[in-house]
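Commentary on secondary and tertiary structure
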Amino acid sequence: MRRLSGADCPVGRIAFTVRGMGAEKLLDRAAGAGIAFENLSCREDCIRGEVGCRDVRALSEKVQEGGWRLTLHGARGAAVWVREAFRRRFLLLMAVALLLAAVLSTRFVWQVNVLDAGVYAADARVYLEQCGVSPGAWRKSVDLSDLRSLLEWRYPDVAWIECGWRGMTLQVRFHQGTSAGESDFAITSGDVLASRSGIVTRVITLSGTPMVSPGDIVRGGQVLIKGEERSSAGENVPVVARGKVFARVWEQAEVMTPTTEITTIYTGQQQETYTVTTPLFDLWKTPECTFEQSDIHVTEKPLGGLFFPFTIRWETRLEADFERRTLPRETLEAQSGLAALQKLQFNCQNGDDFLTKWVDYSMIDAEILLAVATGERIIDITAPVQP
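Cut-off values and rules
- Every chain's residues receive numbers from 1 upward, in the order its sequence appears when written.
- Residue-level local features of this predicted model are given only where pLDDT is at least 70; pairs of side-chain atoms are given and counted only at 80 or more, and the full residue set underlies all totals for whole chains, interfaces and linings.
- Where side-chain values are given, they derive from all heavy atoms of the structure, hydrogens and water being excluded.
- Only DSSP runs of H or I covering at least 4 residues are called helices, and only runs of E covering at least 2 are called strands; the numbering of each starts at the N terminus.
- Classification of residues uses two cut-offs on accessible area relative to the type maximum, computed with a 1.4 Å probe and protein chains only: under 20% is buried, over 50% is exposed, and between them is partly exposed.
- Two residues form a contact once any of their heavy atoms are found within 4.5 Å.
- To be clear on the numbers: accessible area is Shrake-Rupley with a 1.4 Å probe, and residue cover counts the displayed protein chains and nothing else.
- In this description, a nonpolar core means a group of buried Ala, Val, Leu, Ile, Met, Phe, Trp, Tyr and Cys residues linked to one another through side-chain atoms lying within 4.5 Å.
- The pLDDT score gives, residue by residue, the confidence of the prediction method on a 0 to 100 scale.
- By definition, two strands form a pair when at least two bridges between them are found by DSSP.
- Lines fitted to C-alpha atoms define the axes here, with helix axes fitted over just the stretch in contact, and angles between the N-to-C directions of these axes take values from 0 to 180 degrees.
- A carboxyl oxygen of Asp or Glu within 4 Å of a side-chain nitrogen of Lys or Arg is what we treat as a salt bridge.
- A residue counts toward a patch only above 30% relative accessible area and without a salt bridge, and it is joined to like-charged neighbours within 9 Å or, for Val, Leu, Ile, Met, Phe, Trp and Tyr, to nonpolar neighbours within 5 Å.
- What counts as a ring pair is set by centres within 6.5 Å for rings of Phe, Tyr and Trp (its six-membered ring), and what kind of pair is set by the plane angle: stacked under 30 degrees, edge-to-face over 60, tilted for all other angles.
- The rule is short: NZ of Lys or CZ of Arg within 6 Å of the ring centre and within 35 degrees of the ring normal puts a charge over the ring.

**As for the overall build of the protein**
When you go through the protein residue by residue, the secondary structure sums to seven helices and 21 strands. Taking all 387 residues of the protein together, the buried fraction comes to 29%. Residue pairs at least 24 apart in sequence account for 65% of intrachain contacts in the protein once pairs closer than 6 positions are excluded. If you sum the accessible surface of the protein, you get close to 24600 Å²; carbon and sulfur atoms cover 53% of it.

**Side note on the nonpolar core**
In terms of nonpolar packing, the biggest core is built from 19 residues, with Leu128, Leu147, Leu151, Tyr155, Ile161, Val172 and Phe174 touching the most fellow members. Counting only elements with at least two residues in this core, the list comes to α5 (121–130), α6 (144–154), β6 (160–166) and β7 (169–175). Looking at this core element by element, the count peaks at four residues for α5. With near-sequence residues (within four places) excluded, Val172 lies in contact with Asn113, Val114, Leu115, Leu128, Leu151, Ile161, Glu162 and Cys163. Core analysis: the second largest hydrophobic core is formed by 16 residues, Ile35, Val51, Leu59 and Leu72 among them.

**Details of the confidence of the model for the protein**
With 87% of its residues at a pLDDT of 70 or more, the protein has an overall mean of 81. Across the protein, the element-wise mean pLDDT spans from 63 in helix α3 (residues 78–87) up to 92 in strand β11 (residues 217–218). This model gives residues 1–9 a pLDDT under 50, and the stretch forms 19 contacts once residues within four places in sequence are excluded. With pLDDT under 50 throughout, residues 178–188 is counted as low confidence; its partners more than four residues away or in other chains account for 14 contacts.

**With respect to the sheet that holds strand β15 (residues 242–258)**
Overall, antiparallel pairing links the five strands, which are arranged β11-β9-β15-β20-β19 in an open sheet. At either margin of the open sheet sits one strand with a lone partner, and together these are β11 and β19 (356–364). In the sheet, strand β9 (residues 198–207) pairs with β15 via seven bridges, with the strands oriented antiparallel. Bridge pairing links Arg202 to Phe246 in β15. Those strands touched by helix α7 (residues 329–347) are β15, β19 and β20 (368–380), and its axis lies near 150° from that of β15.

**Examining the sheet that holds strand β5 (residues 111–115)**
Ordered in space as β5-β7-β6, the three strands form an open sheet in which the pairing is mixed. Here the strands that pair on one side only, and so sit at the sheet edges, are β5 and β6. Going from strand to strand, the sheet's axes swing by 15° on average, the running direction of each strand aside. As defined by bridge partners, β5 adjoins β7 across five bridges and the pair is classed as parallel. Counted as the bridge partner of Val112 is Leu170 from β7.

**Topic: the pattern of salt bridges**
In this structure the tally under the stated criterion is ten salt bridges. In this structure, Arg154 and Asp123 form a salt bridge, with 3.0 Å as the shortest nitrogen-oxygen distance. Residue Arg154 is found in helix α6, and its partner Asp123 is found in helix α5; the two are separated by 31 residues along the sequence. Taking the relative accessible area as the measure of exposure, Asp123 reaches 31% and is therefore partly exposed. When the shortest N-O distance is used, the salt bridge between Arg317 and Glu315 registers 3.1 Å. For the pair Arg317 and Glu315, one class covers both residues: buried. What you see here is one network of salt bridges that share partners, running through Glu300, Arg313, Glu315 and Arg317.

**Re the environment of Glu254**
Mapped onto the elements, Glu254 comes out in strand β15. With 120 residues separating them along the chain, Glu254 and Thr374 place their C-alpha atoms 9.0 Å apart.

**A look at a nonpolar patch on the surface**
Among the surface-exposed residues, Tyr274, Leu280, Phe281, Leu283, Trp284 and Trp314 lie close enough to one another that they form a single nonpolar patch of about 630 Å² accessible area. In this fold, Tyr274 is placed in strand β16 (residues 260–277).

**A look at the pairing of β20**
Counting buried residues along β20, ten of its 13 residues qualify, which places the element largely inside the surrounding structure. Across 13 bridges, β15 lies against β20 in antiparallel orientation. Paired with Gln252 across the bridge in β20 is Thr374. Across nine bridges, the pairing between β19 and β20 is antiparallel. Its bridge partner lying in β20, Lys357 is registered against Gly375. Hairpin remark: β19 followed by β20, antiparallel, with three residues in the connecting loop; positive phi at Asp365, about 55°.

**Comments concerning the packing of aromatic side chains**
Per the counting criterion, the structure on display carries five aromatic pairs. Measuring from centroid to centroid gives 5.0 Å for Phe108 and Trp138, while their planes differ by 85°, and the two rings are edge-to-face. Linking Phe108 in the loop between α4 (89–105) and β5 with Trp138 in the loop between α5 and α6, this pair joins segments that are 30 residues apart in sequence. A relative accessible area of 41% means that Trp138 is categorised as partly exposed. Aromatic rings pair up to connect Tyr120, Tyr155 and Phe174 into one cluster. The lysine or arginine in question, Arg139, covers the ring of Trp165, its NZ or CZ lying 4.3 Å from the ring centre. It is Arg202 that lies over the ring of Phe246; its NZ or CZ is 4.5 Å from the centre.

Here it is as structure tokens:
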């Protein structure tokens, strides 16, 4: 067996065997020198056991004094771990470096996702970069409360904005909606005014004096219900004007559609590439497309999850040519008319109560077809204001 010295294993225990006549006397000498044994067994001038690595040298001296033979078999306990770690110190250093890199990576922003922002999506991304919130930013520098306040101040038409962390990804979610609004009848002093123009169809007066009747044409800002009433003594007394005035109004929505469209024709040639990407860099550069014009189909598959957002990205490039052609007038009117009606429906909160709807068409410079959808409906046009 290979003989070891105490320097080979600075910590832990080493198994040993001592052979020779009167080997049991070693126990008394070792006890006098303060050498402790574990798992000790004595049999026929042979002692087996384990000794601390730091006591190996002292034990060897006592064995030489008695003329016995000492054999060290191997390390036990923590000595094994220390020796193996020393033998594989390069792998250990790599593991420590990876652990430190993983811990350090959690201190940075890897991705910024803007969700459900609608028409504000592009502007929100640019604004976040202006605020210093972008991939690679120090995570501790991002105050979610302040960021939410800044975004809600910038986009007042959004109901509320939610900011939170998902791993190392910052998610900013827009919640679209409208405020609760006011009650049907405002309890304020003053007159009830018209919020828009229309033809009066019905007047409901709860307090005050009505100034219009069904069939009257009113304009925005005109007084509908005056904030005063005549008392029993014949005097005009100021009151809180309350009521509703319904009128026929007309809503419009416009859609402009080009008279030509560009169609894609594929030549049959294609090119396929792939790479591994992160929010900060790519592991290798994607080859440039050799086609003059092409359609690119991208497939992405996550590899590392939330804490290591590595993504493998496949690109299939199809060589394409483009052709411009003029659409038939019937097709243009059908498409633009439907789009105008849908826009009209979307612009009106209660779009289902239209009495009638129609679409008018006109051509602009023989290149654009203008479709104007008009809808007639009856709504409450009152807008209470204070004097």
